[in-house]
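Overview (structure and organization)
Spelled out, the chains give:
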Amino acid sequence: MSQCMALAMLGLICAVPVKANVADFEVPQKPPTQKRLLAHSTKSAVVRIVNGCQGKAYLPRNGKTYNLTSIGYGSGYFVTSNGYIVTNAHVTQLSQNQAECMQLLFQDFVKQVYQDYVSVDLNTLKTMVKRSQLLTYTPIQQVLLQNGKALPFEQIVSGAPNAIGKDVAIIKIDVKNVPILKLANSRSVQLLDRITVIGYPAAADSTTRLSDDSFHVPSITDGAVSAMKTTRDGEPVIQTSASVTHGNSGGPAVNEQGEVIGIVAFRGDTVNNQEVQGFSFVIPSNTIREFIKLAGIQADKEEISQK
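Residues numbered from 1 in each chain as written. Predicted model: local features only at pLDDT ≥ 70, side-chain atom pairs only at ≥ 80, totals over all residues. Heavy atoms only, no water.

1. Thoughts on the overall build of the protein chain
To keep it simple, the criterion reads: Each helix is a run of DSSP H or I of at least 4 residues and each strand a run of E of at least 2, with the numbering of both proceeding from the N terminus. Note on exposure labels: buried denotes an accessible area under 20% of the residue type's maximum, exposed denotes more than 50%, and partly exposed covers the range between, all computed with a 1.4 Å probe on protein chains only. We call two residues in contact when some of their heavy atoms are within 4.5 Å.
A tally of helices and strands in the protein chain yields six helices and 13 strands. Taking all 307 residues of the protein chain together, 42% fall into the buried category. Across the protein chain, every contact between residues at least 6 apart in sequence was considered, and the portion connecting residues at least 24 apart equals 69%.

2. A short note on the sheet that holds strand β4 (residues 133-144)
We apply this condition: DSSP calls a pair of strands paired once it identifies at least 2 bridges connecting them. For helices, the axis comes from a line fit to the C-alpha atoms of the stretch in contact; other axes are also lines fit to C-alpha atoms, and the angle between any two N-to-C directions lies between 0 and 180 degrees.
Judged by pairing direction, the sheet is antiparallel, and its seven strands sit side by side in the order β5-β4-β1-β2-β3-β7-β6 without closing on themselves. Looking at strand neighbours, the two that pair on one side only are β5 (150-152) and β6 (154-158), the edges of this open sheet. Pairwise comparison of adjacent strand axes, ignoring direction, gives a mean angle of 40° for this sheet. Two strands pair when backbone bridges link them, and β6 and strand β7 (residues 169-172) are joined in this way by four bridges, in the antiparallel orientation. Of the residues in β7, the one forming a bridge with Glu154 is Lys172. Its contacts with the sheet put helix α6 (residues 285-294) on β2 (64-78), β3 (84-87), β6 and β7, and the angle it makes with β6 is roughly 120°.

3. Quick word on the nonpolar core
Heads up, the rule is: The criterion is simple. A nonpolar core is a set of buried Ala, Val, Leu, Ile, Met, Phe, Trp, Tyr and Cys residues joined through side-chain atoms within 4.5 Å.
By size, the foremost hydrophobic cluster in this structure holds 23 residues, and its most contacted members are Tyr77, Val86 and Ile170. Of all elements in the fold, only β3, β12 (260-267) and α6 reach the threshold of two or more residues within this core. Beyond its immediate sequence surroundings of up to four residues, Tyr77 is in contact with Ala45, Val46, Val47, Tyr84, Ile85, Val86, Leu181, Leu183, Pro252, Val260, Ile263 and Ile288. If you look at the next biggest cluster of nonpolar residues, it comprises 15 residues, including Cys53, Ala57, Tyr117 and Val129.

4. Things to note about the side chain of Thr42
Secondary-structure assignment places Thr42 in helix α2 (residues 34-42). If we ignore the near neighbours within four places in the chain, the residues touching Thr42 are Leu181, Ile198 and Gly258.

5. Structural notes on the layout of surface pockets
The rolling of a water-molecule-sized probe over the atoms marks out the regions of remaining empty space. Stated formally: Detection works on a 1 Å grid of protein atoms alone, calling trapped sets that fit a 1.4 Å probe cavities and calling open sets with protein on both sides within 12 Å along at least five of seven lines pockets, with lining residues defined by an atom within 4 Å of a point. Grid points are joined across faces, edges and corners, and a volume is the space filled by probe spheres set on the points. Under the grouping applied here, Gly and all other residues not named as nonpolar or charged are polar, the nonpolar ones being Ala, Val, Leu, Ile, Met, Phe, Trp, Tyr, Cys and Pro and the charged ones Asp, Glu, Lys and Arg.
The computed volume of the largest pocket comes to approximately 470 Å³. Lining the largest pocket are 22 residues, and of these Ile164, Ala265, Phe266, Arg267 and Phe281 lie nearest its centre. Mapped by element, the contributors of at least two residues to the lining of the largest pocket are β9 (219-230) and β12. In terms of residue class, the lining of the largest pocket is built from eight nonpolar, nine polar and five charged.

6. Comments concerning the side chain of Asp167
Here is the rule: Charged residues are defined here as Lys and Arg on the positive side and Asp and Glu on the negative side; His and the ends of the chain fall outside this count. What counts as a salt bridge is simple: a side-chain nitrogen of Lys or Arg found within 4 Å of a carboxyl oxygen of Asp or Glu. Within 3.5 Å is the distance limit for a polar contact, defined as a pair of N or O atoms, with the added protein rule that one can donate a hydrogen and the other accept it, and that residues adjacent in sequence qualify only through two side-chain atoms.
Here Asp167 lies in the loop between β6 and β7. Although Asp167 is buried, it forms no salt bridge, and the closest oppositely charged side chain is Lys166 at an N-O distance of 12 Å. A polar atom in the side chain of Asp167 sits 2.5 Å from the side chain of His90. Setting aside anything within four residues of it in sequence, one finds Asp167 in contact with Thr87, Asn88, Ala89, His90, Ala160, Pro161, Ile263 and Ile283.

Following this line, the structure appears as structure tokens:
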């Protein structure tokens with residue numbers, strides 16, 4: 001007599017083990033939404049931009065050579081399949097201004113020397129630094145692709161970084177057949193149009209918690225067009241509710257058709273020394289067109305929307 005039959009005669013229930021099929025527990029995949037399709041189709045054209053300088057300085061006092069670095073990060077996107085990239089002028093500015101970059105290297109040098117001689121008085125520190133020698137100076141101009149590859153860029157045209165409405169630069173790297181984003185006609189942008197911002201915000205670069213590969217993954221935030229405004233110079237800018245921060249500069253803001261309505265230029269002012277999200281400003285796509293023309297880019301019709 002089986003164990004189950006014996007239990008049944010006593011009025012008890014026998015639990016028969018059943019082999020579970022993994023498929024019985026799988027959650028059915030939802031069909032991709034328009035937002036997801038938009039995100040996947042646009043983010044591949046976005047890149048991280050590294051700009052700044054590096055050098056070495058020699059301190060006779062201790063015979064030590066110090067490695068110096070001053071870099072900044074920004075975002076950009078491919079506007080043509082042969083490597084032309086749109087970004088902000090202020091993203092590429094530092095490597096173009098040797099005097100400014102050397103001053104930042106000097107500040108880094110003083111900081112490192114001070115760490116070696118904390119007990120030294122200020123006048124002695126100044127004398128030590130004056131006797132130092134800058135051995136090398138190298139500008140840093142790189143585009144980081146999403147596969148982790150770093151390529152040097154050439155600056156083609158640039159607006160004035162301090163003229164916010166013209167804070168646009170066109171740079172070029174040596175690639176072929178890369179994904180691109182189309183330009184929308186910013187005159188067609190309306191209040192409350194849904195937009196998506198793609199880029200590399202510094203707030204998402206947790207080097208102590210995230211993998212090295214994660215550094216090359218762009219972040220996506222969304223919002224809506226909240227106002228159409230002008231700068232003090234009379235240049236148009238589009239205000240959006242999308243969250244942005246340092247590192248987003250130069251990244252594209254795209255509409256629901258996946259077309260670029262502009263690039264992130266700046267965020268709203270701080271309030272009580274606190275960064276307030278939901279107030280970001282983009283330079284319109286029609287301003288970007290001006291710089292594309294200045295760069296002499298022969299963009300194909302499918303790359304520049306004329307709607």
